[in-house]
Amino acid sequence: MNILVIGSGGREYAIGLRLTQDNEKHNLYFAPGNGATANLGQNVDISDFNDLAKFALENKIELTIVGPENALSDGVVDIFKANNLNIFGPTKSAARLESSKAYMKEFLAKNGIRTAKFINTNNYEEAAKFIDTLGDIVVVKADGLCAGKGVIIAKSKSEAKDAAKDMLSGKSFGEAGSRVVIEEFLDGFELSFFAICDGSNFVSLPVAQDHKRLLSGDEGPNTGGMGAYAPSPLADKNLIKRVEEEIIKPTLKGMQDEKAPFCGVLFVGLMVVNSVPYVLEFNVRFGDPECEVLMPLIDGELGEILHSAALGKLNKFEIKDEYAVGVVLASKDYPYKSSPAAKIAVENIPPHSHIAYAGVSLVGDELYATGGRVLVAVGKGKSVKEARDRAYELAKNIKFDGMQYRNDIGYQAL
């Protein structure tokens, strides 16, 4: 197939790399891609979605895969569908499950899907009153997209009220915080649950666990994610069945009732409290860096799997009996500010491991670290430990100035 991947990060590189491993040889295009995706296919410098749809028609693109949430919430799927192009991802209306936390919480309540007690409001007095009914730890969320940074876990009611005030005034997140969701704090452990959906049917992927904090031991600021592993042994068969029956199925049915059938990747951020799954949030695309550890675990022809889902005819597929661990190698000043460009040197890539490139640019024929999260060192194995050891063995073979990474990815499982 001729396949277009929209996006420029490690997630899009990982999807492209996995597509090159299909038995069918695809022609891959990336819009805009990064310095390394050019080795997998052709980078296309078109940002306007109408122009991109025209490019897809002219180049006989048979499948488009959307990586980032912004493109989905801006309606790229609607534009491509209006041009009779096959595209894997939810419409703008269905993408509200991620683009509006207020919409998502109301949807959960309406469909009887378990979530934390909440209120959504644009009124500070109302927010403060609700905060007074909760325990000492309070969760305050900006309604709109904030690149994974619009959630404050306040350690006191006064801190929660200050956070709500800063969001509603526009000080914290601008327009994205003009509405807030205030939630009770749930005490358990988090998991990332992914399902590939075609509007009515779904296939679950291995349950992953992300590591958000910058430093080992879950210290330091929140980031976009410093590593992930899958499948997590914390998700047993019983928990997976409960998530499918109590969350995924009613979500797909609820979205059909909303006249916005969900096609694409449904990513459920779960909090598991005493073996009971609660929905923390929905995302409507592959997570990053979770995507980098999920791709190697999918068996079969990825192009065909996603193509069938885009057509509303998802076929069952198998998951490999393996584990994958991904360690993010970040630049010197991440996540505080951008870092100077640094040349990347890779000594060698050991067996059962590979690199997913993210924040990189091609200078001449050499790759330079130019983004915050530069690349993901991925290891595979028959156990979490074997996969983790291989990921770290690879990480040690990679060098660039200012490189930093956590040394404890997968610790929850080990």
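Residues numbered from 1 in each chain as written. Predicted model: local features only at pLDDT ≥ 70, side-chain atom pairs only at ≥ 80, totals over all residues. Heavy atoms only, no water.

Labelled according to an unreviewed UniProt entry, the protein appears under the name Phosphoribosylamine--glycine ligase, originating from Campylobacter porcelli. Recorded under Catalytic activity (unreviewed entry), the UniProt text for the protein is reproduced unchanged: "5-phospho-beta-D-ribosylamine + glycine + ATP = N(1)-(5-phospho-beta-D-ribosyl)glycinamide + ADP + phosphate + H(+)". Note on the protein: under the UniProt heading Pathway (unreviewed entry), the record states "Purine metabolism; IMP biosynthesis via de novo pathway; N(1)-(5-phospho-D-ribosyl)glycinamide from 5-phospho-alpha-D-ribose 1-diphosphate: step 2/2." (UniProt positions renumbered as here; feature names shortened; annotations may be inferred.)

### A word on the sheet that holds strand β8 (residues 151-154)
Within the open sheet, the four strands sit side by side as β6-β9-β7-β8. Their pairing is antiparallel. Here the strands that pair on one side only, and so sit at the sheet edges, are β6 (118-121) and β8. Neighbouring strand axes in the sheet, compared pairwise and without regard to direction, differ in orientation by 15 degrees on average. Bridging between β6 and strand β9 (residues 180-184) involves four bridges; their strand directions are antiparallel. Each bridged residue has a counterpart across the sheet, and for Asn120 the counterpart in β9 is Val181. Against the sheet, helix α7 (residues 124-131) touches β6, β7 (138-142) and β9, its axis set at about 170 degrees to β6. (Pairing = 2+ DSSP bridges. Helix = DSSP H or I, 4+ residues; strand = E, 2+ residues; numbered from the N terminus. Axes fitted to C-alpha atoms, helices over the stretch in contact; angles between N-to-C directions. Contact = heavy atoms within 4.5 Å.)

### Let's talk about the sheet that holds strand β19 (residues 342-343)
Across a sheet, paired strands are connected by hydrogen bonds in the backbone, their directions being either parallel or antiparallel. Read across the open sheet, the three strands follow the order β19-β23-β22; overall the sheet is antiparallel. If you trace the sheet from one side to the other, it starts and ends with β19 and β22 (360-363), each paired once. Summarising the sheet, β22 and strand β23 (residues 366-369) pair through four bridges and their orientation is antiparallel. Its bridge partner being in β23, Val363 is matched across the sheet by Glu366.

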